[in-house]
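A look at the structure
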Amino acid sequence: MSGQASSSRRLSVNAAFLQDIKNDNRDLKILMDRLAVLTQPREAAANHWSELIQLFTDLNDQLALHFGLEEAYGYFDQALDTDPEMSVAAETLRSQHAGLFEESRHLAEAAAHACTGETPTEGATPEVTTAQEKVLVRYDAFLKQFHEHEEAELKLILDALDEDLGVGD
């Protein structure tokens, strides 16, 4: 009856480890800060597209590490005493990792394909191509989704800490 065993499994949050992962993940923050500088205003992106290609690739690599650490140390399967709502929330958040990671991979690939190799004539201001603009719009959407995901994880951490400390309702 493996169906019953898997349906009774619950996911809980290891709040202490998950918070450490978030606190120690400076590389991801530095990378995203650098991306912010180079993607806004759009003219900055046009001037630094080859660097952006590398940064999108680095972002994909960093997210692999970030999500891997969260999944290895931030969640526990088969917890004995887990709030069912918290378990569902944790599973939902953990399941989002694959989609976010996949989108970061697509961003890296799209950025590389959007590189035109054109050099502006001397004195001309480089402009973002249509393909590059699509990548930047896609990155903006990814960034919004990623931040919402991280905020939801932080809320879950705080809820788990409240429950562990007995200060929740």
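Quick look at the overall build of the protein now. Tallying secondary structure elements over the protein gives 7 helices and 2 strands in all. Counting only residues that meet the buried cut, the protein has 36% of its 169 residues in that class. For the protein, the proportion of contacts with a sequence separation of at least 24, taken over those separated by at least 6, is 83%. Accessible area for the protein stands at about 10,100 Å²; split by element, carbon and sulfur atoms hold 54% of it.

What follows is about the environment of Ser95. Mapped onto the secondary structure, Ser95 falls in helix α6 (residues 84–113). The sequence separation of Ser95 and Glu71 amounts to 24 residues, and the corresponding C-alpha distance is 9.9 Å.

What follows is about the side chain of Glu103. On the secondary structure map, Glu103 appears in helix α6. Exposure remark for Glu103: the relative accessible area of 18% places this residue in the buried category. In this view, Glu103 contacts Arg138 and Phe142; residues no more than four positions away in its chain are not counted.

Glancing now at the side chain of Gln62. Of note, Gln62 is situated in helix α5 (residues 49–74). Apart from residues lying up to four places away in sequence, Gln62 is in contact with Asn25, Asp27, Leu28 and Leu31.

Between α5 and α6, the shortest axis-to-axis distance is 8 Å and the interhelical angle comes to 165°. On the basis of their axis angle, the class for α5 and α6 is roughly antiparallel. By crossing handedness, the relation of α5 to α6 is classed as left-handed. Residue-level contacts link Trp49, Ile53, Phe56, Thr57, Asn60, Leu63, Ala64, Phe67, Glu70 and Glu71 of α5 to Arg94, His97, Leu100, Phe101, Ser104, Arg105, Leu107, Ala108, Ala111 and Ala112 of α6. Grouping the constituent residues of the contact of α5 with α6 by class yields 12 nonpolar, 4 polar and 4 charged.

Our next topic: the packing of aromatic side chains. Tallying each qualifying case throughout the model produces 4 aromatic pairs. Arranged with centres 6.0 Å apart and planes meeting at 15°, the rings of Phe142 and Phe146 form a pair that is stacked. Taken as a pair, Phe142 and Phe146 lie in helix α7 (residues 130–165) at a separation of 4 residues, close to a single helical turn. In this pair, the class of Phe142 matches that of Phe146, namely buried. Among the aromatic side chains, those forming a connected cluster through ring pairs are Phe56, Phe67, Tyr139, Phe142 and Phe146.

Turning our eyes to something else, we now look at the pattern of salt bridges. For the structure shown, the criterion picks out 10 salt bridges. Residues Arg34 and Glu51 are paired through a salt bridge, measuring 2.9 Å at the closest nitrogen-oxygen approach. In this pair, Arg34 is assigned in helix α3 (residues 26–39) and Glu51 in helix α5, connecting sequence segments 17 residues apart. Between Glu133 and Arg42 there is a salt bridge whose closest N-O contact spans 3.3 Å. Of this pair, Glu133 sits in helix α7 while Arg42 is found in helix α4 (residues 42–47), placing the two residues 91 residues apart along the sequence. Each of Arg42, Glu133 and Asp140 takes part in salt bridges that share partners, so that together they form one network.

Attention shifts here to unusual backbone geometry. Here Gln40 and Pro41 are connected by a cis peptide whose omega angle stands at -5°. Along the chain, the position of Pro41 falls in the loop between α3 and α4.

How each quantity is defined
Residues numbered from 1 in each chain as written. Predicted model: local features only at pLDDT ≥ 70, side-chain atom pairs only at ≥ 80, totals over all residues. Heavy atoms only, no water. Helix = DSSP H or I, 4+ residues; strand = E, 2+ residues; numbered from the N terminus. Buried < 20%, exposed > 50% of the residue type's maximum accessible area, 1.4 Å probe, protein only. Contact = heavy atoms within 4.5 Å. Areas by Shrake-Rupley, 256 points an atom, 1.4 Å probe, with all protein chains shown as cover. Axes fitted to C-alpha atoms, helices over the stretch in contact; angles between N-to-C directions. Parallel < 35°, antiparallel > 145°, perpendicular 65-115°, else oblique. Left-handed = near helix turned anticlockwise from the far one by under 90°. Nonpolar A, V, L, I, M, F, W, Y, C, P; charged D, E, K, R; others polar. Phe/Tyr/Trp six-rings, centres within 6.5 Å; stacked < 30°, edge-to-face > 60°. Salt bridge = Lys/Arg side-chain N within 4 Å of Asp/Glu carboxyl O.

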